[in-house]
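Descriptive analysis of the structure
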Amino acid sequence: NTGAFTYDPGFTSTASCESKITYIDGDEGTLLYRGYPIEQLAEHGDFLETCYLLLYGELPTPVQKQDFDTRVTRHTMLHEQMARFFSGFRRDAHPMAIMVGVVGALAAFYHDSTDISDPHQRMVASLRMVAKMPTIAAMAYKYSIGQPFVYPNNELGYAANFLNMCFSVPAEKYEVNPVLARAMDRIFILHADHEQNASTSTVRLAGSSGANPFACIAAGIACLWGPAHGGANEAALNMLHEIGNLDSVDKYVAKAKDKNDPFRLMGFGHRVYKNYDPRARIMQTTCHEVLNELGIKDDPALDVAIELEKIALSDEYFVEKKLYPNIDFYSGITLRALGFPAEMFTVLFALARTVGWIAQWKEMVEDPSQRIGRPRQLYTGATQRDYVDINKR
Ligand code: SDX
């Protein structure tokens, strides 16, 4: 149970890899970052502590934590020229489209952190990505609502700084609610890494060719966008709103079970978890905390989600197929309550997952045995045949 997978030198040699970063036991519903349970990290630490742990492999001492926080904080601002990229996008562009474009463009600016053979440059690239993602994400949001960009305020903590960049406006005083900032920080911890999921595998494959680290992260963002992956949080909230009320839940559960109906319960099921996603439990608790703090007594989407979970977990279809709520099931309700529109949900997922992508990328490029990824195929096409002249076809 070390979380290591043996290389298969044969047909699927790039379909599995060895890593020391994150361990998942899908049957038990266990998630460990460098051996520490997600429940303990979410309860006792903050997101930058989790970033340090994922990047360096150990929990930081107080001095190491202070130094790391300071170094990340020093990289939160974006090159002023980058702000002009945003004006090239339509105002109604999906913010994930903006994120792919702007993060990829970092490769055109920060030439002093792209020599991946230099350990110092690798770490600078890592710090830059962790530090700048909240700034870029907040700018994407501000651009979409036509409000002025808000610069980072390094007096604030990581999550509070992000909320301030998203929700403060020059015209009036804005105070970040510490309960909501703590909830945001915990949500980042839950999304930080998740072993070899589709987007992390994308970053590893792109990075295995020696590509620019910022460009590799942009590839990960593109993959995460899909509704089967990181886009499920936006799709799950849209689904809960479509169901609308408790009376319609049974109808949608029946649709999800109907093999002829493409409808699936968004936020349910997982490639690995065949038990409750441990992150979903913490997300549900966080959801209640945020709604209570905001005085939201009855949220129809939450009522539908709780009823849907209750019915699905007692229905033999879902029990037999081991389909449980995953992290995306409650996150949409929580993020909406925090003030984000559904289009921003996957952006927040990408913001948090950046440290996981970077940690996995670093582990791979620092592995002396690492070679370029080359997924193999099982050829099922035509056997060899001769060309036929067009006049004889
Ligand atoms: C994330 O990999 C990661 O770690 C990802 C992630 C991360 O942190 O990086 O955890 C984040 O992507 C979470 C997943 C978010 N996606 C969704 O919530 C979308 C809805 N879920 C499904 O699309 C689906 O469950 C997947 C894509 C997540 C997994 O699909 P699989 O691999 O087909 O699931 P499975 O093999 O367990 O399915 C078993 C059966 C299948 O039916 P049969 O072919 O056996 O008849 O269950 C069915 C599936 O069709 N099924 C569902 C279902 N999910 C699977 N039926 C109804 N509703 C669902 N949500």
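The protein chain has the name Citrate synthase in an unreviewed UniProt entry, where Cohaesibacter gelatinilyticus is given as its organism. In its Sequence similarities (unreviewed entry) section, the UniProt record describing the protein chain reads: "Belongs to the citrate synthase family." Under the Pathway (unreviewed entry) heading, UniProt states for the protein chain: "Carbohydrate metabolism; tricarboxylic acid cycle; isocitrate from oxaloacetate: step 1/2."

Helix and strand counts for the protein chain come out as 17 helices and 3 strands. For the protein chain, whose C-alpha radius of gyration is 22 Å, the value lies close to the compact-globule estimate of 21 Å for 393 residues. Split into buried and exposed, the 393 residues of the protein chain put 51% on the buried side. Of the roughly 18900 Å² of accessible surface on the protein chain, a fraction of 52% belongs to carbon and sulfur atoms.

Over its 14 residues, helix α8 (residues 178-191) runs 20 Å from end to end, which matches the ideal 20 Å to within 8%, given 1.5 Å per residue. Counted residue by residue, α8 has 11 buried out of 14 residues, so it is predominantly covered. Listing the buried residues of α8 in full gives L180, A181, A183, M184, D185, R186, I187, F188, I189, L190 and H191. Here α8 starts with a cap whose side-chain oxygen sits 2.7 Å from the backbone nitrogen of V179, and that cap is N177.

Glancing now at the pattern of salt bridges. Evaluated as defined, the whole model comprises 14 salt bridges. One salt bridge connects D46 with K65, and the closest N-O pair in it is separated by 2.9 Å. In this pair, D46 sits in the loop between α1 (38-44) and α2 (47-56) while K65 sits in helix α3 (residues 62-73), placing the two residues 19 residues apart along the sequence. The class for D46 is partly exposed, based on a relative accessible area of 27%.

What follows is about the nonpolar core. By size, the foremost hydrophobic cluster in this structure holds 119 residues, and its most contacted members are V103, F162, M184 and F340. When sequence neighbours within four positions are dropped, the list of residues in contact with F162 reads P134, A137, A138, M184, F188, F340, L348 and L351.

Taken together, 25 residues lie near the ligand, and H194, R264, H270, R271 and K274 sit nearest. K259 is positioned with one of its side-chain polar atoms (N or O) 3.0 Å from an oxygen atom of the ligand. Interatomic distance of 2.8 Å between a backbone N/O atom of L265 and a nitrogen atom of the ligand. For the ligand, whose unbound accessible area comes to 1100 Å², protein coverage reaches 80%.

Turning our attention to the packing of aromatic side chains. Considering all chains together, one arrives at 21 aromatic pairs under this definition. Taking the centre distance of 6.1 Å and the plane angle of 70° together, the rings of F85 and F109 count as edge-to-face. Placement of F85 in helix α4 (residues 83-86) and of F109 in the loop between α5 (95-105) and α6 (119-144) is noted, with a sequence separation of 24 residues between them. Residue classification places F85 among the partly exposed residues on the basis of a relative accessible area of 35%. With centroids separated by 6.2 Å and ring planes inclined at 55°, the aromatic side chains of Y110 and F214 adopt a geometry described as tilted. Here F214 lies in helix α10 (residues 213-224) and Y110 lies in the loop between α5 and α6, a separation of 104 residues in the sequence.

A separate point is the state of the cysteines. Inspection of every chain in the model, using the stated rule, returns 0 disulfides. Not part of a disulfide, C51 finds its nearest cysteine sulfur in C166, a span of 17 Å. Unpaired in terms of disulfides, C216 finds its nearest cysteine sulfur in C223, a separation of 13 Å.

The UniProt record annotates "active site" (unreviewed entry) at H270 and D328. For this annotated set, covering 59 residues, all C-alpha atoms fall within 10.4 Å of each other, a compact arrangement in space. Within the secondary structure layout, H270 lies in the loop between α12 (249-257) and α13 (278-293). You can call H270 partly exposed: its relative accessible area is 23%. Once residues lying within four places of it in the same chain are set aside, the contact partners of H270 are H194, R279 and N326.

Contact pair helix α11 (residues 232-243) / helix α17 (residues 345-365): the axes reach a minimum separation of 7 Å and the direction vectors enclose 150°. Judged by the inter-axis angle, α11 sits roughly antiparallel to α17. Seen along the crossing, α11 lies across α17 with a hand that is right-handed. Listed contacts from α17 to N233, E234 and L237 of α11 are F345, T346 and F349. Residues that form the contact of α11 with α17 fall into these classes: 3 nonpolar, 2 polar and 1 charged.

Quick look at the sheet that holds strand β2 (residues 30-33) now. Strand order in the open sheet formed by 3 strands is β1-β2-β3, with antiparallel pairing between adjacent strands. Either end of the sheet is taken by a strand with one partner, and the two such strands are β1 (22-25) and β3 (36-37). With 2 bridges joining them, β2 and β3 adopt antiparallel strand pairing. Considered in β3, the bridge of Y33 is made with Y36.

A separate point is the side chain of D185. Positionally, D185 belongs in helix α8. Residue contacts for D185: discarding those within four places in its chain leaves G45, D46, F47 and A159.

The rules behind these values
- Residues numbered from 1 in each chain as written.
- Predicted model: local features only at pLDDT ≥ 70, side-chain atom pairs only at ≥ 80, totals over all residues.
- Heavy atoms only, no water.
- UniProt positions renumbered as here; feature names shortened; annotations may be inferred.
- Helix = DSSP H or I, 4+ residues; strand = E, 2+ residues; numbered from the N terminus.
- Rg over C-alpha atoms; globule rule 2.2 N^0.38 Å.
- Buried < 20%, exposed > 50% of the residue type's maximum accessible area, 1.4 Å probe, protein only.
- Areas by Shrake-Rupley, 256 points an atom, 1.4 Å probe, with all protein chains shown as cover.
- Expected span 1.5 Å × (residues − 1).
- Polar contact = N/O pair within 3.5 Å; in protein donor to acceptor, adjacent residues only side chain to side chain.
- Salt bridge = Lys/Arg side-chain N within 4 Å of Asp/Glu carboxyl O.
- Core = buried A, V, L, I, M, F, W, Y, C linked by side-chain atoms within 4.5 Å.
- Contact = heavy atoms within 4.5 Å.
- Near = heavy atom within 4 Å.
- Phe/Tyr/Trp six-rings, centres within 6.5 Å; stacked < 30°, edge-to-face > 60°.
- Disulfide = S-S within 2.5 Å.
- Axes fitted to C-alpha atoms, helices over the stretch in contact; angles between N-to-C directions.
- Parallel < 35°, antiparallel > 145°, perpendicular 65-115°, else oblique.
- Left-handed = near helix turned anticlockwise from the far one by under 90°.
- Nonpolar A, V, L, I, M, F, W, Y, C, P; charged D, E, K, R; others polar.
- Pairing = 2+ DSSP bridges.

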